[in-house]
Amino acid sequence: MRTRILYRSNTESEPAVVEFVKSLDRSDRDRVELVDVNSRDGDGLARLYGIQKYPSVIVTAVDGTLVRSWFGGLPLVSDFTYYLHQN
């Protein structure tokens with residue numbers, strides 16, 4: 001499984017994303033990849049999964065299949081960590 005947070009840098013939502021990641025335990029933080037949609041790879045990833053609102057969180061299987069998502073906002077930290085520990 002791969003967990004990514006897609007966000008747009010230099011926007012009002014960027015500090016919330018940074019705080020969200022900081023609030024995670026170290027082991028959970030290591031499982032999350034931050035992806036800036038202003039980058040070439042980030043833009044391609046957003047297009048691939050049809051993401052148009054940021055920040056968004058996606059969890060994908062090894063083959064790229066979308067397993068879980070939170071679009072247009074961050075989930076509660078407790079809900080997110082619960083989900084990470086269930087999978």
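Position labels on residues start from 1 in each chain and follow its written sequence. Under the rules for a predicted model, residues below a pLDDT of 70 receive no local features and side-chain atom pairs below 80 are neither given nor counted, while totals for whole chains, interfaces and linings still include all residues. Hydrogen atoms and water are omitted, and side-chain values are computed over all heavy atoms in the structure.

Undergrad: How do you make sense of the sheet that holds strand S3 (residues 56-60) when you look at a structure like this?
TA: Within a beta sheet, neighbouring strands are joined by backbone hydrogen bonds and run either parallel or antiparallel to one another. In this analysis, strands are considered paired if DSSP registers two or more bridges between them. Numbered from the N terminus, helices here are DSSP runs of H or I no shorter than four residues, and strands are runs of E no shorter than two. The four strands lie next to each other as S2-S1-S3-S4, forming an open sheet whose pairing is mixed. Two strands close off the open sheet at either side, each with one partner strand: strand S2 (32-36) and strand S4 (66-70). Mean inter-strand twist for the sheet, computed between neighbouring axes without regard to direction, equals 20°. For S3 and S4, the ladder comprises four bridges, and the chain directions are antiparallel. Its bridge partner being in S4, Val-59 is matched across the sheet by Arg-68. We call two residues in contact when some of their heavy atoms are within 4.5 Å. In this description, a line fitted to the C-alpha atoms serves as the axis of each element, helices being fitted only across the stretch in contact, and the angle between N-to-C directions of two axes falls anywhere from 0 to 180 degrees. Packed on one face of the sheet, helix H1 (residues 14-22) meets strand S1 (2-7) and S2 and runs near 155° to S1. Helix-sheet contacts for helix H3 (residues 40-48) involve S1, S2 and S3, and the interaxial angle to S1 is about 105°.

Undergrad: Explain the packing of aromatic side chains here, please?
TA: Stacked, edge-to-face and tilted labels apply to pairs of Phe, Tyr and Trp rings (six-membered ring for Trp) whose centres lie within 6.5 Å, assigned for plane angles under 30 degrees, over 60, and everything in between, in that order. Applying the stated criterion across every chain, the model contains three aromatic pairs. Between Trp-70 and Phe-80, the aromatic rings sit 5.7 Å apart at their centres with planes inclined by 65°, giving edge-to-face as the arrangement. Of this pair, Trp-70 sits in strand S4 while Phe-80 sits in helix H4 (residues 77-86); the two residues are ten residues apart in sequence, bridging distant segments of the chain. With a 1.4 Å probe rolled over the protein chains alone, any residue whose accessible area is under 20% of its type maximum counts as buried; one over 50% counts as exposed, and the rest are partly exposed. The class of Trp-70 is buried, set by a relative accessible area of 14%. Of note, Arg-68 hangs over the ring of Trp-70, and the distance from its end group to the ring centre comes to 4.1 Å. The rule for a charge over a ring is simple: NZ of Lys or CZ of Arg within 6 Å of the ring centre, and within 35 degrees of the ring normal.

Undergrad: Looking at this model, I keep getting lost on H4. Mind explaining?
TA: Every α-helix winds through 3.6 residues per turn, so residues three or four apart in the chain are directed the same way. Inspection of H4 places Phe-80, Thr-81, Tyr-83 and Leu-84 among the buried residues, and these make up the whole buried set. For H4, the angular spread of buried residues about the axis comes to 160°, placing them on one side. Away from its buried face by more than 90 degrees, H4 exposes Tyr-82 and His-85. Contacts from the buried residues of H4 go to S1, H1, helix H2 (26-29), S2, S3 and S4. Note: the arc covers the axis-to-C-beta directions of the helix.

Undergrad: Quick question: what am I supposed to make of the nonpolar core here?
TA: The nonpolar side chains of soluble globular proteins are, as a tendency, buried together. Among the nonpolar cores identified, the biggest contains 13 residues, and Ile-5, Phe-20, Val-32, Val-57, Trp-70 and Phe-80 are the most heavily contacted of them. Mapped onto this core, the elements with two or more residues apiece are S1, H1, S3 and H4. If we ignore the near neighbours within four places in the chain, the residues touching Ile-5 are Val-17, Phe-20, Val-21, Val-32, Glu-33, Leu-34, Val-35, Ser-56, Val-57 and Leu-74. Here, nonpolar core means buried Ala, Val, Leu, Ile, Met, Phe, Trp, Tyr and Cys residues that are tied together by side-chain atoms lying within 4.5 Å of each other. In terms of nonpolar packing, the next biggest core, distinct from the first, is built from eight residues, Leu-6, Tyr-49, Ile-51 and Ile-58 among them.

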